[in-house]
Amino acid sequence: MKSRKQLMIATVLAAMLLWSCSNSKGQSQGISSPDGKVKITVNNHDGQIFYAVDKEETKIVLPSKLGFVLKDGRVIGKKMKITNVKKTSFNETWEQPWGEKRLIENRYEEMTVSLKSNAAKIAINLIFRAYNDGIGLRYDIPSQASIDSFIIMDELTEFALAGDENAWWTTAYKGVYYENITQLTPVSQMNDTVSLPLTLETQSNKFLAIHEANLTNYAAMNLYASHGTTLKCDLTPWSTGEKVFAKTPFVSPWRMIIIADRPGDLLTSSLELNLNDPCKIDDTSWIETGRYIGIWWGMHMEKYTWHMGPKHGATTENTMRYIDFAAQHGFSGVLVEGWNTGWENDWTKEGDKFNFTQPYPDFDIEKITAYGKQKGVKLVGHHETGGATINYEKQLDDAFAFYQKLGVNCVKTGYVSPLLDGKERHSSQYGVLHFRKVIETAAKYHIMIVNHEPVIPTGLRRTYPNLMSGEGMRGQEYNAWSADGGNPSEHTTIIPFTRGLAGPMDYTPGVFNFENPVKPNTKVKTTLAHQLALYVTIYAPWQMACDLPENYTGNPSLHFIEQVPVNWEQTKVLEAKIGDFLITTRKDRDSDNWYMGAITDENSRTFDIDLSFLDKDKKYRAIIYRDGPNAGWKTNPTDVNIEEKIVSSDQKLQLQLAEGGGTAVRFECL
Ligand code: NOJ
C-alpha cells in the first residue's frame, strides 16, 4: 500500500504533467504582478479550467479547479472553452480615512478570461489580479438569456498547495462566532472544516493567508483539506442546504492569497482592502477614531449585571462616574451595556424582546448624554440583538435615529446566539446580508459600528469606513470567565496573523488588575506591560481600555493608554514569529511620534531592536514601559518599570520580555 506522502507526491506529479500537456494546447494564459514575481497561470484542460500561482521559482498553488455546481444540475467550470482574454494594468494610491497606514498603493495586473460552456449554456468571466503581495480571483456571470436567477449548491474553487504546509486554523462550524483557540498542524492533519483567514507557513518558507474580500451578497467561504493538501471551498449553507441565491449580473467575492516572505509582511499587506470597492460615503468627516472605557468588564467579572436590579451597571450615577473618569484621562467614549429593556429575559434565547429605544428607568439617557456633551465624552451605544435579526431589523431605523438624536455616533452590536433567528448561521448568506444592511443603515444616520459576533470581516471598511472594528476571535472577556482558564499567553502573538488580517479587532486590551475573585482559575496570562503593548500590536480604530476605572486610578502605566493613538501614518513589523513573539512599530498620523509594542508568549525573550525605523536626523524621548525584574504572568504580572531616555535612529534598544511579557514604548519627537 502506498503511504499518504507517496500518494500526495503522485497526485502533485500527475497534476503537473497534465498542466504541461495542456499548456501545449494553447488554452493557457497568464499574468505577473507589477514586480514580475507573482505569476498566475490559467489553463483549460479538456474543458476543465485550472489556475496556478507561483512566486519566482516557488510553487504556491498547483493547478487547481474552479467552478460551481448549480441547483438545476448545471456545472460551471467543466466543458468550458476560452473565448477571450483581456489584460489590463492598474496603479493608484488611495488614502484611508483611518487605519494602520494612511496611503495605500493599489497596483496590479488584471486578466479577464471569458469562457463559454456549451453544455451548461453559460458564459462566465474569471477575473484574476496579480499584486506584488498576492493574488485575487473572482467569478463574474454577466446577464444572458440562459441564466437569470440561480442557486449555488457548491463552489468548486480549490487551492492545491505545493506541500503539506503548516496551518494556523480554527474550526468553522463546531465553535461559535469564530471564538476558538487556534490549532497549528500540517494541512493534511486539519481534521475539520476551517474558517478564514487561513494562515500557512509553507515548506518553501513563505507565509500565505487565504481569505476572501468584498463579501456582500454571498455565503462566507470555509476550507477543508481533501486528498492531503488540496484545500476545497466550503460555503456556509442556509438551513435548507442551499449555499447562495443569486441573480445575474453576478460577481462573487474575491478569493485571495497574501504571499509573504516574512510573517510581518502578512500584517502590512493591503491586498484585502485593495480588493474591495472604493468608499461609497461621500463625506466621511463624521467618522472618528477614539479610545473608550466601558461599563462592561464589571459585568464579565460579575460585579455588575446587565439587567436592572441591585447590581445594575448601567445606572445614571455609575455612567456619570465613568464619564468623569473618561474626561479626566482623555477617553472619547464610554460604552454602556445593559441600558435598554430586554436583558431581564433569557436574552440568548429571547433576543426578540430587546427594545432599542427603551432605556431602563434607572438609566436617564438624556441626562447622561447631556452630561457627556459638557465633558467632551460620548456614549458608545450598544445593541445586543441576541441573534434576533428580524426583531433588530424592524427597529433598525428607529434605533439609529434615537441614538443620533442624542449625539451617540458609535454603536457596538452583538449577536449572541449560535444561530440567527434560531435558524441561520452568522456566516451564511442570510447573516452576510443582515450585517451589510446594518452598516449601510448606520451610515445613513452617521453612526459607526463595532460588530461583535460578526461574519468574519472581508475589507468592507474600505467601502463603508463606518464599519470600524469587531470581534470574531476569542477576546479578552475569555480571561474573565472561560472554563478552560482563559486565553493562553501565545494567543495574542497568533491572532494578529489570523483574524487580524481580516480587519480591526475589538480585543479590549488593558487589564491592570489581574485578580479574578469570581473564577480564580481563569486568568489573564500576560503581564501588564504586555497589555500595554497590545495597543500597538493589535489594531483597532476604536480601542478599549477594558478594566474598571478604580483599577486604573493612580497607576502611572495608564499614561501610555492615555497617549497611544488609534490612527496611524504607517506601520512596520520589526520582529515576528507567529505564536512566539511580535514587535510592531507605528507612526502617529497627527505627529512625528512613533510607538512600539513588543509581546512574547509564555517564554521570556531578549531582543536588540534597531531603531532605524525612526525618522532620520530627529531625536526622541523614549518612554519605555517594560516588564520589571520580577515580572512574569504567573507570579507577578504588575511589575512594570517606566524609564525615559533620549534616542535616535542610529541606536539600538534592548528589550527583555518576561514570561507572557511585553514592552510598550512611546517615542516622543523632540
Ligand atoms: C458578547 C460580547 O462579546 C461582549 O462584549 C458583550 O458584553 C456580551 N456579548 C453582551 O452583549
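Shown above is the structure to which this text applies.
Residues numbered from 1 in each chain as written. Predicted model: local features only at pLDDT ≥ 70, side-chain atom pairs only at ≥ 80, totals over all residues. Heavy atoms only, no water.

**Section: the nonpolar core**
In summary, soluble globular proteins display a tendency toward joint burial of nonpolar side chains.
Item 1. Membership of the largest hydrophobic core comes to 178 residues, with the highest contact counts inside it found for Phe-128, Leu-198 and Phe-400.
Item 2. For this core, the element with the most residues is strand 9 (residues 122–131), which contributes seven residues.
Item 3. Apart from the residues within four sequence positions on either side, Phe-400 is in contact with His-383, Tyr-392, Val-411, Val-438, Thr-441, Ala-442, Tyr-445, Ile-447 and Ile-449.
Item 4. In this structure, Leu-611, Tyr-620, Leu-653 and Leu-657 belong to the second largest nonpolar core, which totals 19 residues. (Core = buried A, V, L, I, M, F, W, Y, C linked by side-chain atoms within 4.5 Å. Buried < 20%, exposed > 50% of the residue type's maximum accessible area, 1.4 Å probe, protein only. Helix = DSSP H or I, 4+ residues; strand = E, 2+ residues; numbered from the N terminus. Contact = heavy atoms within 4.5 Å.)

**Section: the pairing of strand 10 (residues 134–141)**
Item 1. Within strand 10, eight of the eight residues are buried, which leaves the element mostly enclosed by the surrounding structure.
Item 2. Alternating residues of strand 10 divide into Gly-134, Gly-136, Arg-138 and Asp-140 and Ile-135, Leu-137, Tyr-139 and Ile-141, and every residue in both groups is buried.
Item 3. Two elements, strand 9 and strand 10, share seven bridges in a ladder whose sense is antiparallel. Paired with Asn-125 across the bridge in strand 10 is Asp-140.
Item 4. Linking strand 9 to strand 10, which pair antiparallel, is a turn of two residues.
Item 5. Judged from the four bridges that link them, strand 10 and strand 21 (residues 254–260) form a sheet pairing that is antiparallel. Each bridged residue has a counterpart across the sheet, and for Gly-136 the counterpart in strand 21 is Met-256. (Pairing = 2+ DSSP bridges.)

**Side note on the packing of aromatic side chains**
Item 1. If you walk through the whole model with that rule in mind, you get 35 aromatic pairs.
Item 2. Where Trp-343 meets Phe-354, the ring centres are 5.0 Å apart and the plane angle is 75°; that geometry is what we call edge-to-face. Taken together, the residues span a long stretch of sequence, with Trp-343 in the loop between strand 23 (333–336) and helix 6 (365–375) and Phe-354 in the loop between strand 23 and helix 6 at a distance of eleven residues. When sorted by exposure, Trp-343 lands in the same class as Phe-354, which is buried.
Item 3. Put simply, the rings of Trp-306, Trp-343, Trp-347, Phe-354, Phe-356, Tyr-392, Tyr-415 and Phe-435 pair up and form one aromatic cluster.
Item 4. Taking the ring centre of Trp-94 as reference, the NZ or CZ of Arg-462 above it sits at 4.0 Å. (Phe/Tyr/Trp six-rings, centres within 6.5 Å; stacked < 30°, edge-to-face > 60°. Lys NZ or Arg CZ within 6 Å of the ring centre and 35° of its normal.)

**Describing the site of the ligand**
Item 1. Residues in contact with the ligand amount to 14 residues; listed here are only the nearest, Trp-296, Glu-337, Glu-384, Lys-412 and Glu-471.
Item 2. Separating an oxygen atom of the ligand from a side-chain N or O atom of His-452 is a distance of 2.9 Å.
Item 3. When isolated, the ligand has an accessible area of 290 Å², and the protein chains bury 96% of it.
Item 4. A breakdown of the residues in the shell around the ligand according to their chemical character gives five nonpolar, three polar and six charged. (Near = heavy atom within 4 Å. Polar contact = N/O pair within 3.5 Å; in protein donor to acceptor, adjacent residues only side chain to side chain. Areas by Shrake-Rupley, 256 points an atom, 1.4 Å probe, with all protein chains shown as cover. Nonpolar A, V, L, I, M, F, W, Y, C, P; charged D, E, K, R; others polar.)

**A short note on the pattern of salt bridges**
Item 1. Within this structure, the stated rule accounts for 38 salt bridges.
Item 2. Linking Lys-587 and Asp-592 is a salt bridge whose minimum nitrogen-to-oxygen distance equals 3.2 Å.
Item 3. Given the relative accessible area of 11%, Lys-587 is considered buried.
Item 4. The closest approach of N and O atoms between Glu-644 and Arg-621, which form a salt bridge, is 3.6 Å. Within this pair, whereas Glu-644 is found in strand 34 (residues 640–647), its partner Arg-621 is found in strand 33 (residues 620–627), the two being separated by 23 residues in sequence.
Item 5. You can call Arg-621 partly exposed: its relative accessible area is 28%.
Item 6. A cluster of three or more residues bridged by salt bridges with shared partners is formed by Lys-587, Asp-592, Asp-615 and Lys-618. (Salt bridge = Lys/Arg side-chain N within 4 Å of Asp/Glu carboxyl O.)

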